[in-house]
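Per-entry structural report
So you can see what is in the structure, the chains are spelled out below.
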Amino acid sequence: MNKSSIDYSVYLVTDHRGKTDEEILNIIEQAIKGGTSVVQIREKTASTKDFYNLALKAKEITEKYNVPLIVNDRIDIALAVKSDGVHIGQDDMPAKVAREIIGEEMILGVSASTVEEAMKAESDGADYIGSGAVFPTATKDDADSVSKEELKEIVNSTSIPVVAIGGITIENAESLKDAEIDGFSVVSAIMNADDPKKASEILKEIYNR
C-alpha cells in the first residue's frame, strides 16, 4: 500500500462495547461501503487471543476493499496479522522505537494534542497525526482537549496528514473544515449509527464539500 496516497477523510475507530465480533465486522464492512477510508481496530479489554482473532477477520474485510487496517496500541497484534499500520498514544511506546520495530513499510499514527507533540511525532517517524479531543468525549479527559485554533496550528506545523479525533458527529463535523484537517476520526458516529453505511456517506460528503 502506497502510504503517500492514503485517504484519511473518514477514519473509523472501532468500539467493542455492547457488540459482538460479528456486529463489529458487519459495521466495518457497511462503513467501508459508505466511504470509510481507514479502519482502526481498538480493543482495550480483550485478551490477546480475542484481539488477534478479531483483527484477522477485520483484515479480510479491509483487504477486500483495499482500505488500510490500523491496529491501536498493540504492535504485536499489528505484526501478527500483518496489518497496514499501528496507532500509538503519548503514553504508549515511543514513536521512534515503534518505527524501528515495525519498519518503514507500515503506517505509524501517533496521537498528539499539542504542536510540540505533533512535531516530535513527525520527526520520530509518524506518517500521520491523530489530534484531539476536538469535542467533549467520554473517552478522553479535559487535559487532552484541543481547540480549533490549536488544531489549525498542529496542521500548519507539520507536513504529514492530521486527522481530528474526539466527539466528532455528523452534526459538528462541518465546523472543523476550516482547520484544513485531512479527515474525521469517528467512533460512535458510525459504530452506534442505525445505518453505518449512511453515516459514512454523510461524513464523506461533509469532508468533500
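Below: a short report on this structure. (Residues numbered from 1 in each chain as written. Predicted model: local features only at pLDDT ≥ 70, side-chain atom pairs only at ≥ 80, totals over all residues. Heavy atoms only, no water.)

1. So, the nonpolar core
Applicable threshold: As used here, the term nonpolar core means buried Ala, Val, Leu, Ile, Met, Phe, Trp, Tyr and Cys residues forming a set that is joined through side-chain atoms within 4.5 Å. Remark: exposure states derive from per-residue accessible area (1.4 Å probe, protein chains only) relative to the maximum for the residue type, with buried under 20%, exposed over 50%, and partly exposed in between. A helix here means a DSSP run of H or I that spans at least four residues, while a strand means a run of E at least two residues long, and both kinds are numbered starting from the N terminus.
Judged by nonpolar contacts, the single largest core of 57 residues is most densely connected at Leu151, Phe184 and Ile190. Ranked by residue count, the leading element in this core is helix 1 (residues 21–34), at six residues. Judged by nonpolar contacts, the second largest core, of nine residues, contains Ile6, Tyr8, Tyr11 and Val163.

2. Side note on the packing of helix 1 against helix 8 (residues 196–208)
As a reminder of what qualifies: Interaxial angles span 0 to 180 degrees and are taken between N-to-C directions of axes, which are lines fitted to C-alpha atoms, for helices over the stretch in contact. A crossing counts as left-handed when the near helix is turned anticlockwise from the far one by less than a right angle, and as right-handed when that turn is clockwise. In this description, contact between two residues means that some pair of their heavy atoms is separated by no more than 4.5 Å. Residues are sorted three ways: Asp, Glu, Lys and Arg are charged, Ala, Val, Leu, Ile, Met, Phe, Trp, Tyr, Cys and Pro are nonpolar, and all the rest, Gly among them, are polar.
The N-to-C vectors of helix 1 and helix 8 enclose an angle of 35°; their axes lie 7 Å apart at closest approach. Like other packed secondary-structure pairs, helix 1 and helix 8 cross with a definite hand, here right-handed. Packed against helix 1, whose contacting residues are Ile27, Gln30, Ala31, Lys33 and Gly34, the element helix 8 presents Pro196, Lys197, Ser200 and Glu201 at the interface. The residue inventory of the contact of helix 1 with helix 8, partitioned by class, reads three nonpolar, three polar and three charged.

3. Comments concerning the pattern of salt bridges
The line we're drawing: One side-chain nitrogen of Lys or Arg within 4 Å of one carboxyl oxygen of Asp or Glu is enough to make a salt bridge.
Applying the stated criterion to the full structure yields 14 salt bridges. Salt-bridge contacts for Lys64 lead to Glu29; the nearest nitrogen and oxygen are separated by 3.0 Å. Taken as a pair, Lys64 in helix 2 (residues 48–64) and Glu29 in helix 1 lie far apart in primary sequence, 35 residues in all. Assessed through its relative accessible area of 58%, Lys64 is described here as exposed. The residue Lys198 makes a salt bridge to Glu201 at a minimum N-O spacing of 4.0 Å. Here Lys198 and its partner Glu201 are both found in helix 8, three residues apart, which amounts to about one turn of the helix. Given the relative accessible area of 44%, Lys198 is considered partly exposed. The exposure class of Glu201 is partly exposed, given its relative accessible area of 30%. One salt-bridge network, held together by shared partners, links Lys3, Arg99 and Asp127.

4. Notes on the side chain of Thr14
To keep it simple, the criterion reads: Any pair of nitrogen or oxygen atoms within 3.5 Å is treated as a polar contact; in protein, a donor-acceptor pairing is required on top of that, and neighbouring residues in sequence qualify only through side-chain atoms on both sides.
Examined against the element boundaries, Thr14 turns out to sit in the loop between strand 1 (10–13) and helix 1. Taking relative accessible area as the criterion, Thr14 reaches 0% and is therefore assigned buried. A distance of 3.0 Å separates a polar side-chain atom of Thr14 from the backbone nitrogen of Arg42.

5. Some points on the packing of helix 1 against helix 2
Worth spelling out the cut-off: Convention used here: angles under 35 degrees read as roughly parallel, angles over 145 as roughly antiparallel, angles from 65 to 115 as roughly perpendicular, and any remaining angle as oblique.
The interhelical angle for the contact between helix 1 and helix 2, taken along N-to-C directions, is 20°, at an axis separation of 10 Å. By the criterion of interaxial angle, the relationship of helix 1 to helix 2 is roughly parallel. You can see that helix 1 and helix 2 cross each other, and the crossing is right-handed. Together, Asp21, Ile24, Leu25, Ile28, Glu29 and Ile32 of helix 1 and Leu54, Lys57, Ala58, Ile61, Thr62 and Lys64 of helix 2 make up the contact between the two elements. A class-by-class count of the residues in the contact of helix 1 with helix 2 yields seven nonpolar, one polar and four charged.

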